[in-house]
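Report on the structure
Listed here are the chains, written in short residue letters.
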Amino acid sequence: MGHRGIRRFGFIRFCILTYLRKVRKECADARWRYRHSILALIGQITTTWATIEAMIDALIAWYHPIRGTQNIRADLPVTFDRKMEYLNHMARDPGFGEAGSFNLRLMRTHALRLNKWRKALIHGVVFHRHTMGLEWEVEERSVEPE
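If you're wondering where the values come from, they're calculated on a predicted model, not measured in any experiment. (Residues numbered from 1 in each chain as written. Predicted model: local features only at pLDDT ≥ 70, side-chain atom pairs only at ≥ 80, totals over all residues. Heavy atoms only, no water.)

Section: the overall build of the protein chain
Regarding its fold elements, the protein chain presents three helices and two strands. The helix and strand sequence of the protein chain, counted from the amino end, reads α-α-α-β-β. Taking the principal axes of the C-alpha coordinates as reference, the protein chain spans close to 100 × 40 × 20 Å. Residues counted as buried form 20% of the 146 residues belonging to the protein chain. In the protein chain, once contacts between residues fewer than 6 apart in sequence are set aside, the share between residues at least 24 apart is 48%. (Helix = DSSP H or I, 4+ residues; strand = E, 2+ residues; numbered from the N terminus. Buried < 20%, exposed > 50% of the residue type's maximum accessible area, 1.4 Å probe, protein only. Contact = heavy atoms within 4.5 Å.)

Here we look at the nonpolar core
If you look at the biggest cluster of nonpolar residues, it comprises 12 residues: Trp49, Ile56, Ile60, Tyr63, Phe80, Met84, Tyr86, Leu87, Met90, Ala91, Leu104 and Ala111. Of all elements in the fold, only helix H1 (3-71), helix H2 (80-91) and helix H3 (97-123) reach the threshold of two or more residues within this core. The leading source of residues in this core is H2, at six residues. Excluding residues that lie within four positions of it along the chain, methionine 84 makes contacts with Ile56, Arg108, Ala111 and Leu112. (Core = buried A, V, L, I, M, F, W, Y, C linked by side-chain atoms within 4.5 Å.)

Re the environment of threonine 48
Residue placement: threonine 48 occurs in helix H1. Spatially, the C-alpha atoms of threonine 48 and arginine 35 are 20 Å apart, while their sequence positions differ by 13 residues. Here glutamine 44 takes part through its backbone oxygen, which lies 2.8 Å from a polar atom of the side chain of threonine 48. (Polar contact = N/O pair within 3.5 Å; in protein donor to acceptor, adjacent residues only side chain to side chain.)

As for the pattern of salt bridges
Within the structure shown, the criterion is met by four salt bridges. Among the ionic pairs, aspartate 93 bridges to arginine 67, the shortest N-O distance being 2.5 Å. One end of the pair, aspartate 93, is in the loop between H2 and H3; the other, arginine 67, is in helix H1, and 26 residues separate them in sequence. Judged by relative accessible area, arginine 67 falls into the partly exposed class, the value being 35%. Taken together, the salt bridges that share partners define one network made up of Glu53, Asp57 and Lys83. (Salt bridge = Lys/Arg side-chain N within 4 Å of Asp/Glu carboxyl O.)

Looking at the environment of isoleucine 122
With respect to the helices and strands, isoleucine 122 occurs in helix H3. C-alpha separation for the pair isoleucine 122 and isoleucine 42, spaced 80 residues apart in sequence, amounts to 7.8 Å.

Structural notes on the side chain of glutamate 53
Looking at the element boundaries, glutamate 53 is found in helix H1. Overall, the relative accessible area of 17% leaves glutamate 53 in the buried class. Apart from the residues lying within four places of it in its own chain, the contact partners of glutamate 53 are Phe80 and Lys83.

Examining the side chain of aspartate 93
Among the residues examined, aspartate 93 registers a relative accessible area of 8% and is labelled buried. With near-sequence residues (within four places) excluded, aspartate 93 lies in contact with Tyr63, Arg67 and Ser101.

Description of the packing of aromatic side chains
A complete count under the given rule lists five aromatic pairs for this structure. Judged by centre distance (6.4 Å) and plane angle (45 degrees), the ring pair of tryptophan 62 and tyrosine 63 falls under tilted. Among the aromatic residues, those joined into a cluster by ring pairs are Trp62, Tyr63, Tyr86 and Phe96. (Phe/Tyr/Trp six-rings, centres within 6.5 Å; stacked < 30°, edge-to-face > 60°.)

What follows is the structure, encoded as structure tokens:
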């Protein structure tokens, strides 16, 4: 092969490398957009949960002066577990009727189930183990009281 063949392969090599550089950049951008969307979703879950808990607080604050101070507890609950206990006591109030009590218990059941996922996402460690895969892992370490 003469001088022309070397130049021709050099140009083809240049074209291949330029194309590969473009493809790698597109893949890196797609991975970043994917990670960003997952992290944005976690942020959305956090703000949505804040709204859910604010609605539970509003319901308890509405009920508390009516019957809560006499029948359940003197002060408003602050922690999520205490709020769920409060809802459980509210559901036993005959003033709500059968449908109201059922819906309060249902709300409590759903809130407890969703809270497990929220705790894992917010208080756990969320990581993307393999950069080319789509799977994310959540690790939650519980600290046992001594």
